[in-house]
Amino acid sequence: MGSIEVGEILTVLDEDDREQEIEVIGLLTIEDKEYAAVAFAEDTQEETDEDMDVFFFQVVEGEDLAEIETDEEFEKVSAAFLEAEEAVEDEE
């Protein structure tokens, strides 16, 4: 069993059953649950992160991604990732 890491490229099926490559761009633990921020791999290869779509998932058993089930949980996770990103930018 491996664990998901930042920079890892994963292949997932979209809603049309087409394979998409996504890259893990961040991991956070919130209230004893691990979450991943991911973006389409081709978008992360470009020089700018302008207009990059970011998606959030719960990490299950360290190696699987699961959808966040409630709006409340999604809001909490997205706010925590935004806060972490702003803290990194403040350090630069």
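Presented here is a report on the structure given in the accompanying data block. Keep in mind it's a predicted model, so treat the numbers as computed, not measured.

Points about unusual backbone geometry
- With a phi angle near 60°, D17 is a residue other than glycine that sits in the positive phi range.
- In this structure, D17 sits in the loop between β1 (9-13) and β2 (19-30).
- Note on D17: relative accessible area 61%, which makes it exposed.

Let's talk about the pairing of strand β3 (residues 33-40)
- Looking at chain direction, β2 and β3 are connected through eight bridges and run antiparallel. Residue pairing across strands places L27 opposite A36, the latter belonging to β3.
- Joining the antiparallel neighbours β2 and β3 is a turn of two residues, in which E31 adopts a positive phi near 50°.

What about the pattern of salt bridges?
- Enumeration according to the criterion identifies four salt bridges in this entry.
- Several salt bridges share partner residues, and in doing so they unite D14, D16 and R18 into one network.

What about the packing of aromatic side chains?
- This structure, assessed with the given rule, holds three aromatic pairs.
- When the ring of F40 is compared with that of F55, the centres are 5.4 Å apart and the planes differ by 75°; the resulting orientation is edge-to-face. Of this pair, F40 sits in strand β3 while F55 is found in strand β4 (residues 54-60), placing the two residues 15 residues apart along the sequence.
- Since its relative accessible area comes to 27%, F40 is described here as partly exposed.
- Linked through ring pairs, F56, F74 and F81 together constitute an aromatic cluster.

Thoughts on the sheet that holds β2
- Strand order in this open sheet of five strands is β1-β2-β3-β4-β5, and the pairing throughout is antiparallel. Edge positions in the open sheet fall to β1 and β5 (64-66), since each of these has one partner strand only. On average, each strand axis in the sheet is inclined to that of its neighbour by 50°, with strand direction left out of account.
- Strands β2, β3 and β4 of the sheet are contacted by helix α2 (residues 71-91), whose axis makes an angle of about 80° with β2.

Some points on a negative patch on the surface
- Together, E83, E85, E86, E89, D90 and E91 line one region of the surface with negative charge.
- Residue position: E85 is located in helix α2.
- Under the relative-accessibility criterion, E85 is labelled partly exposed at 40%.

About the thresholds
- Within every chain, residues take consecutive numbers counted from 1 along the sequence as written.
- Where totals are concerned, whole chains, interfaces and linings use all residues; where local detail is concerned, this predicted model gives features only for residues with pLDDT of at least 70, and gives and counts side-chain atom pairs only at 80 or more.
- The side-chain quantities take in all heavy atoms of the structure and omit both hydrogens and water.
- Numbering of helices and strands runs from the N terminus, with a helix taken as a DSSP run of H or I at least four residues long and a strand as a DSSP run of E at least two residues long.
- Only protein chains enter the accessibility calculation, which uses a 1.4 Å probe; a residue whose area is less than 20% of its type maximum is buried, one above 50% is exposed, and one in between is partly exposed.
- The criterion for strand pairing is that DSSP finds at least two bridges linking the strands in question.
- Salt bridge criterion: a side-chain nitrogen from Lys or Arg within 4 Å of a carboxyl oxygen from Asp or Glu.
- Think of it this way: a Phe, Tyr or Trp ring, Trp meaning its six-membered ring, pairs with another when their centres are within 6.5 Å, and the plane angle makes it stacked under 30 degrees, edge-to-face over 60, tilted otherwise.
- The axes are straight lines fitted to the C-alpha atoms, using for helices just the contacting stretch, and the angles between their N-to-C directions are given from 0 to 180°.
- Whether two residues are in contact is decided by their heavy atoms: any pair within 4.5 Å suffices.
- Patch members must show over 30% relative accessible area and no salt bridge, and they are joined within 9 Å when carrying like charges or within 5 Å when they are nonpolar side chains of Val, Leu, Ile, Met, Phe, Trp or Tyr.
- Surface accessibility in these figures is a Shrake-Rupley result with a 1.4 Å probe; residues are shielded only by whichever protein chains are displayed.
- His is not counted, nor are the chain ends; Lys and Arg add positive charge and Asp and Glu add negative charge.
- Charge positions are represented by NZ for Lys, CZ for Arg, CG for Asp and CD for Glu.

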